[in-house]
Amino acid sequence: DLRSAGRACRTKCERAGFGEHLTGTRTECAMTQVVTKRGGIGMGLSEHDMGVEYLLEEGPAAASGLVDVGDRVIAVDREDVALMRLKEVAALIIGEEGTSVLITLIKVHSGEIDTVSITRRAAGTKPPPPEAPPPKPTPRQELAAPLPPTFDPPT
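Just so it is clear, the model here is predicted, and its values are computed rather than measured.

> Quick rundown of the sheet that holds strand β5 (residues 79-80)? Include the residues and the values.
The strand order across the open sheet built from four strands is β5-β4-β7-β8, with neighbouring strands paired in antiparallel fashion. Bordering the open sheet on either side are β5 and β8 (113-119), each of which pairs with just one other strand.

> How would you summarise the pairing of strand β3 (residues 52-55) if you had to cite specific residues and measurements?
As defined by bridge partners, strand β2 (residues 43-45) adjoins β3 across three bridges and the pair is classed as antiparallel. Bridge assignment links M43 to a residue of β3, and that residue is L55. Between β2 and β3, which pair antiparallel and follow one another directly, the connecting turn spans six residues, one of which, M50, has a positive phi of 55 degrees.

> I'd like to hear about the pattern of salt bridges, residue by residue, with values.
Tallied over the entire structure, the rule returns three salt bridges. The residue D71 makes a salt bridge to K107 at a minimum N-O spacing of 2.6 Å. Taken together, the positions of D71 in the loop between α3 (60-64) and β4 (72-76) and K107 in the loop between β7 (100-106) and β8 put the pair 36 residues apart, joining distant regions of the chain. With respect to class, D71 is no different from K107; both count as buried. For R120, the salt bridge identified is with D77, shortest N-O distance 3.9 Å. One end of the pair, R120, is in the loop between β8 and α5 (139-144); the other, D77, is in the loop between β4 and β5, with 43 residues separating them in the sequence.

> Lay out unusual backbone geometry in plain terms, naming residues and giving numbers.
Peptide bonds are trans in most cases, and residues, glycine excluded, mostly fall at negative phi. With a phi angle near 50 degrees, D77 is a residue other than glycine that sits in the positive phi range. In this structure D77 comes out as partly exposed when scored by relative accessible area, which is 40%. Of note, R78 is a non-glycine position whose phi angle comes to about 65 degrees, a positive value. For R78, a relative accessible area of 63% puts it in the exposed group.

> Give me the pairing of β8: which residues, what numbers.
Side-chain direction in a regular strand flips from residue to residue, so the side chains alternate between the two faces of the sheet. Strand direction decides the pairing type here: β7 and β8, joined by seven bridges, are antiparallel. Residue pairing in the sheet places I103 in a bridge with V116 of β8. What sits between β7 and β8 in their antiparallel hairpin is a turn of six residues, with G111 showing a positive phi close to 80 degrees.

> Describe the nonpolar core, with residues and values.
Grouped together as the largest cluster of nonpolar side chains are 18 residues, with contacts concentrated most on M43, V73 and I103. Among the secondary structure elements, those contributing two or more residues to this core are β2, β4, α4 (86-93), β7 and β8. Here this core takes three residues from β7, the largest share from any one element. In this structure I103 touches I41, M43, V73, A75, V76, I93, D114, T115 and V116, once residues within four positions along its chain are discounted.

> So what's going on with the environment of G51? Which residues, and what values?
Relative to the helices and strands, G51 resides in the loop between β2 and β3. For G51 and V108, which are 57 residues apart along the polypeptide, the C-alpha to C-alpha distance reads 9.2 Å. Each residue touching G51, except ones within four places of it in the same chain, is listed here: G44, L45, S46, D71 and R72.

Analysis parameters
Residues numbered from 1 in each chain as written. Predicted model: local features only at pLDDT ≥ 70, side-chain atom pairs only at ≥ 80, totals over all residues. Heavy atoms only, no water. Pairing = 2+ DSSP bridges. Helix = DSSP H or I, 4+ residues; strand = E, 2+ residues; numbered from the N terminus. Salt bridge = Lys/Arg side-chain N within 4 Å of Asp/Glu carboxyl O. Buried < 20%, exposed > 50% of the residue type's maximum accessible area, 1.4 Å probe, protein only. Core = buried A, V, L, I, M, F, W, Y, C linked by side-chain atoms within 4.5 Å. Contact = heavy atoms within 4.5 Å.

Laid out in structure tokens, this is it:
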């Protein structure tokens, strides 16, 4: 029956973390047909003050070099997290793999406020390799390169 199929679909959407269930005449909504990989930024936060307790060694936050253990998260995507529970903050940080999240921090060493952008990655995946620099020319290629024009002073 279509009504019970709609309830099952709504439950699937809620469990998958989608904010809204799209209703319609089909037995499954569009959101359940989209398969996305979820990703985070590889850091653990303290429940009582949203302080960074650890960074996963190869996680995006550690790799960025912009987050330190002891920094305090005060906003995620410009949304104040002061009155949120850890679970709510984690839900803001986790998102579609490959997308960026803005993390606003109070830096542990300076007390300054800094907003950093970090790209989410699924757990256990490696970052994409950096682009390789262009190959160096061989000595033969260097000799074959055109010489710069000479400067002839006016006479």
